[in-house]
Every structure is written in structure tokens, then in C-alpha cells.
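# Understanding the architecture of this molecule
Here is what each chain is made of, one letter per residue.
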Amino acid sequence: MNKITYIEDPELEAKYKTMERLGSELGVPVPQTYLEVKVLDNQGRTIHAHRQRSHSWNRNAYNWFYSQFGQLQNVGSTFGPGAITIKDTGGSIRVANVCIFINTPWLGYKANAGQYDRGIIVGSGNEAEAFDCYSLQSVISHGTGAGQLDHAASDLPLRSWNDSSRIFSATLARFFNNNSGGDVDVNEVGLVAGAIRADSASDRCALVSRDVLASTVTVPDTGQLKVTYTIEIAYPE
Amino acid sequence: MITNINYTENKAIEAKYQQLERLGADLGVPVPRTLLQLEAFDGNGNLIHAHRQRSHSWNRNFYNWMMSQMATLNLDSGTFGPSNLNLKDTAGTTQTTTMAFVINCNVSDATRGLRGESGDDNHGIIVGSGTLAENFEHYSLQSKITNGTGPGQLSYIEQEPYARSYDPVSKTYSSAMARYFNNNSGASVSINETGLVVRDIKVQTASLRVMVCRDVLVSTITLPDTGQLKVTYTIELVYPD
């Protein structure tokens, strides 16, 4: 299998396209986010490959983005409608001081080898996506035990610019190796930002999107999983 | 005397904005909505001009700022233009450092973010007399009206604290930023452009002033001597169901 199947529902895809065209025409930045999942067996053959829209910027992401362009902070003490707060992956609500993201060369969506609390992470849960989710349902931990995956360090983000479409693109990828001795099922994928700054601490981890896969992706023993998020913005002419 | 605030947005364009926002809410994609309102009062407090419109002019700085945040990318080197992710400050200096791109601009005091201090014409809401067409590459107003009481100047009042609200029915967050400008120059002052300048966008360790939008008005607003201008930017985000 060499082909990557694009599985987005055509009706939804048309809506995304219309939204992006309008954003570009009206000069409003509209993020486009894609998720690609690829599995290789131990011979390096691709046994699963699909690409889809990532549908699930969550409340953390909305609050983070809005705290930037809407200049909001310190709004409310709950996590829900009417509050601009961050709920970290530990479930703690961060309410005080700024509610922004800090990007340094070693933070952001990047994760070191073995880290499964930030960057691109995967899980086995299949609970429906929810706007208020702040962690994966069942994160797959790092290791070589049963049900575990070896989390490689995140690849360096790839950035590109397309002159004709005027799209600026950032590609974030991470590999996961299965040395567990058995199959590992993956049903959910998340993007965790390290160093969302809230509560005056500079290193909170916040899940900003969680995608539940349309069907289980099984990584065979000694196989490899590659998850890629691509975040794009079309610039106006 | 005027009593109504006219909404002047072109209907066809307005329909497109609304369609965009509906799709954003439907698909769970954050789409910022920005409105600009101008009110002018004469020396007796009578409203002599009032209109509300869309702000159309997020510029390259804003796009790069958003891209750097959403994708957690650092700035890169190169020129300020297509294919590079950097900022041009209001002095015209392109910030291309490869160090951390740290943004700290949503603090509510009047020394940071989009809230200008009294007498400060370098950040927050600013106004100018230039009529040059809006351009995505702009990084400053064409002809900024400076703070003061001399000819062609306006007194910049400290920007109002942000007025925040949330409408649970429409699921819309709203943040309104308003600033008053008093004309004590001894003559009329013409306003043709408005802008938003963020202070404390941090690149490496520097605190910068970066203009993120510039709106050219459809027609000149003439502020009489001893009159007052109020400019309000409202930035909203519709949350998904």
C-alpha cells in the first residue's frame, strides 16, 4: 500500500473549502488542520495510511487563541462557557495571570523521546470527541510493555510556503514504535502544547485537540506508527 | 444631531462574513470577528458622526502572529513578506531572530497589549489622516496623528479597560476596546485611518510595538475644535455548540 487515502466526508470537505475561500477573500485568518496516520509493518511496508481533517480544536485551543487576538485574561474560575481559562492535562484549571502560549525551541508541540505528556500523543479510547475534553481518554504510555508504544522524539516542525495557494504550512510529525510483543490498538490522537502559560507557571501542558479515529488502527508488534498534524493558514492576496 | 449608529458594511460583503462565521462555528474552527465603530462629538457633546463597520484589515503581522501561535513556530529570518514568518515593527524593523517567539500581550494594564496609555500615540488604538488604500503589508499608519494640542494633533486619552462579555445564546465572546481622542488643537482635525498596535509582542527579549491592522475610513471624519472622537474595536469569537 503506497497510497494515502483521504477519508474526509465530501460534504464536510466542501464546507471547509468554502470557509477557507471566504477567509482568504475577506482577510480573516482561518486555520486549516489535517491529520495523517500511517502504519508500517516490521518489513517497512505501509499497512495503513489515511489523511483527514482534524476536527477538534477544543475549548483550551479556543481560549488560548482568543486570549491572544481578543486580549482576554483572568476571566472566570471555571472551565466552560463564559470563562477564559485553561484546563491542563492533569485536570487543574489555570485561572490567574496570563493565559497564553510560550514557544521556545524546546517547547510548543515538541516532545522529547519518551515523553507522552506533550506533543503528539495517542490513545486507545474511543469516546466521542467533546469540546471540553482536556486529555485523551486512555493515553498509551511510553515503554515496551503490553499495550505500550515507544515514543520517539518529535520531528522538527517543517514549514513551507506555497506561492500559488498562498498557504503557510507547518507539519508536525512523530513516530511511535511497537516493541511490546503484541498488537497495540490506536483509536485517538491528541495534540498537547507544552508551556501554555497560566497561573504564572510557565510550563503547563494543555491538550488543544483530540481526534477520535473513524476506525481502530492496529500497530503490529515491531511495527511503526507515524502521526502527522499539518496546520495551515491561507494568506490573502 | 445624530442619534443612531449607522452600520455601513456592504450587504454582500456582510453576508460573506456571516457565512464564514457560521461555517467556523459549525466546523469547530476559530474565526475572529472584528468590528470598528467611530463616534464624533462636537464641543457641546452632541453626536455629529457615528458609524459601525467590519474591520477588514488584519495585516501580515497579525497573520504571522496567529500562525506562530497556532502552529507553535518560531520566527524565521528573511524579508518581511510571503514565505517568511516574522514581524515588522512600527519603526519598520523586521524582527528575524531565530530565538523564542514569546507573546505576552493580553495583560490588562495600560502599558501592554492593545491598551494605550494616556498620551501614548505609539500603541493601542491610534488614528491618522492618511488615505492610502489598505495593504496587507502595512506596518504603520500612513500619517499618524500625534498626541498633543498643536495644529493637527489630538490628545490621546488612556484607553478604556476592555469590556468583556459572553452571550450564552450565540456562544459569542466579545472584547470591546475603546479610546477617546480630544481635539484641543484650536482647529478641526481630519481622521481617515485607524489602527491597532500591540505592545509587548516579544521576540527574543525585546518588547516591540507591532501594528496588526489598519482601517481606512470610507469618508473623512472631521473633528471640530474641542470635539471628541471615540474609536471602538470589538473582537469576537463564536464558540462551537
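Residues numbered from 1 in each chain as written. Chains lettered and ligands numbered in written order. Predicted model: local features only at pLDDT ≥ 70, side-chain atom pairs only at ≥ 80, totals over all residues. Heavy atoms only, no water.

## Overview of the overall build of chain A
For the record, the criterion: Counting from the N terminus, the helices are the DSSP runs of H or I reaching at least four residues and the strands are the DSSP runs of E reaching at least two. Throughout, exposure labels follow a simple rule: accessible area from a 1.4 Å probe, protein chains only, divided by the maximum for the residue type, with under 20% read as buried, over 50% as exposed, and the rest as partly exposed. Any pair of residues with heavy atoms lying within 4.5 Å of one another is described as a contacting pair. Per-residue and other accessible areas follow the Shrake-Rupley method at a 1.4 Å probe size, with only the shown protein chains counted as cover for residues.
Counting its secondary structure elements, chain A contains two helices and 13 strands. By the burial criterion, 57% of the 237 residues in chain A qualify as buried. Excluding contacts between residues fewer than 6 apart, the proportion of contacts in chain A whose partners are at least 24 apart in sequence is 69%. Accessible surface, chain A as shown: approximately 8900 Å² in total, 46% of it carbon and sulfur.

## Observations regarding the side chain of Glu188(A)
Residue and element names in this part refer to chain A. How we decide: Polar contact criterion, stated in full: a pair of N or O atoms within 3.5 Å, where within protein one must be able to donate a hydrogen and the other to accept it, and residues adjacent in sequence count only if both atoms are side-chain atoms.
Mapped onto the elements of the fold, Glu188 is located in strand S11 (residues 184-198). A distance of 3.5 Å separates a polar side-chain atom of Glu188 from the backbone nitrogen of Ser124. Within the local environment of Glu188, its side chain forms a polar contact with the backbone nitrogen of Gly125, the two atoms lying 2.8 Å apart.

## Some remarks on the packing of helix H1 (residues 10-26) of chain A against helix H1 (residues 11-27) of chain B
Rules: Only the stretch in contact is used when a helix axis is fitted, and all axes are lines through C-alpha atoms; the angle between N-to-C directions ranges over 0 to 180 degrees. Angles are sorted into four bins: roughly parallel if under 35 degrees, roughly antiparallel if over 145, roughly perpendicular if 65 to 115, and oblique for all others. Definitions for this section: a left-handed crossing has its near helix turned counterclockwise from the far helix by less than a right angle. A right-handed crossing has that turn clockwise. Under this grouping Gly is polar, as are all residues other than the nonpolar Ala, Val, Leu, Ile, Met, Phe, Trp, Tyr, Cys and Pro and the charged Asp, Glu, Lys and Arg.
Packing of H1(A) against H1(B) leaves a shortest axis separation of 9 Å and a crossing angle of 135°. On the basis of their axis angle, the class for H1(A) and H1(B) is oblique. Seen from above, H1(A) lies across H1(B) with left-handed handedness. Residues Leu12(A), Lys15(A), Tyr16(A), Thr18(A), Met19(A), Leu22(A), Gly23(A), Glu25(A) and Leu26(A) of H1(A) lie in contact with H1(B), whose contacting residues are Ile13(B), Lys16(B), Tyr17(B), Gln19(B), Leu20(B), Leu23(B), Gly24(B), Asp26(B) and Leu27(B). Partitioning the contact of H1(A) with H1(B) into residue classes produces ten nonpolar, four polar and four charged.

## Side note on the pattern of salt bridges
The cut-off we apply is this: Basic side-chain nitrogens of Lys or Arg form a salt bridge, by our definition, when they fall within 4 Å of a carboxyl oxygen of Asp or Glu.
Enumeration according to the criterion identifies 20 salt bridges over all chains in this entry. Here the salt bridges do not stand alone but share partners, grouping Glu14(B), Glu21(B), Arg33(B), Arg54(B) and Glu236(B) into one network.

## Digging into the packing of helix H2 (residues 59-69) of chain A against helix H2 (residues 60-70) of chain B
At a minimum axis distance of 11 Å, the contact between H2(A) and H2(B) shows a crossing angle of 150°. What the angle tells us is that H2(A) and H2(B) run roughly antiparallel. Where H2(A) crosses over H2(B), the two elements pack in a sense that is right-handed. Contact residues: Trp64(A), Phe65(A), Gln68(A) and Phe69(A) in H2(A); Phe62(B), Trp65(B), Met66(B), Gln69(B) and Met70(B) in H2(B). Here the residues of the contact of H2(A) with H2(B) sort into seven nonpolar, two polar and no charged.

## Here's the deal with the interface of chain B and chain A
Applicable threshold: Accessible surface is computed with a 1.4 Å probe, and the buried area is the amount of it that two parts give up when combined, taken over both parts together.
Listed per partner, the contact involves 61 residues of chain B and 60 residues of chain A. Together chain B and chain A conceal approximately 5600 Å² of surface at their shared face, both sides included; 65% is due to carbon and sulfur atoms. Between Lys16(B) and Glu25(A) there is a salt bridge whose closest N-O contact spans 2.3 Å. Along the contact surface separating chain B from chain A lie 15 residue pairs in polar contact (both at pLDDT 80 or more). Those elements giving two or more residues to the side of chain B that touches chain A turn out to be H1, H2, strand S6 (101-103), strand S9 (163-167), strand S10 (172-182) and strand S13 (228-238) of chain B. Tallying contributions element by element places H2(B) first for the side of chain B that touches chain A, with ten residues. Residue classes in the side of chain B that touches chain A are distributed as 38 nonpolar, 17 polar and six charged.

## Brief notes about the nonpolar core
Keep this limit in mind: Side-chain atoms within 4.5 Å link the members of a nonpolar core, which is a set of buried Ala, Val, Leu, Ile, Met, Phe, Trp, Tyr and Cys residues.
Residues Leu225(A) and Leu229(B) are the most contacted members of the largest nonpolar core, which totals 87 residues. Per-element tally for this core: the top contributor is strand S12 (residues 206-223) of chain B, with eight residues. Setting aside residues up to four positions removed in sequence, Leu225(A) forms contacts with Val37(A), Lys38(A), Val39(A), Val122(A), Leu149(A), Arg174(A), Phe175(A), Phe176(A), Val186(A), Val217(A) and Val219(A). Membership of the second largest hydrophobic core comes to twelve residues, among which are Tyr16(A), Met19(A), Leu22(A) and Val29(B).

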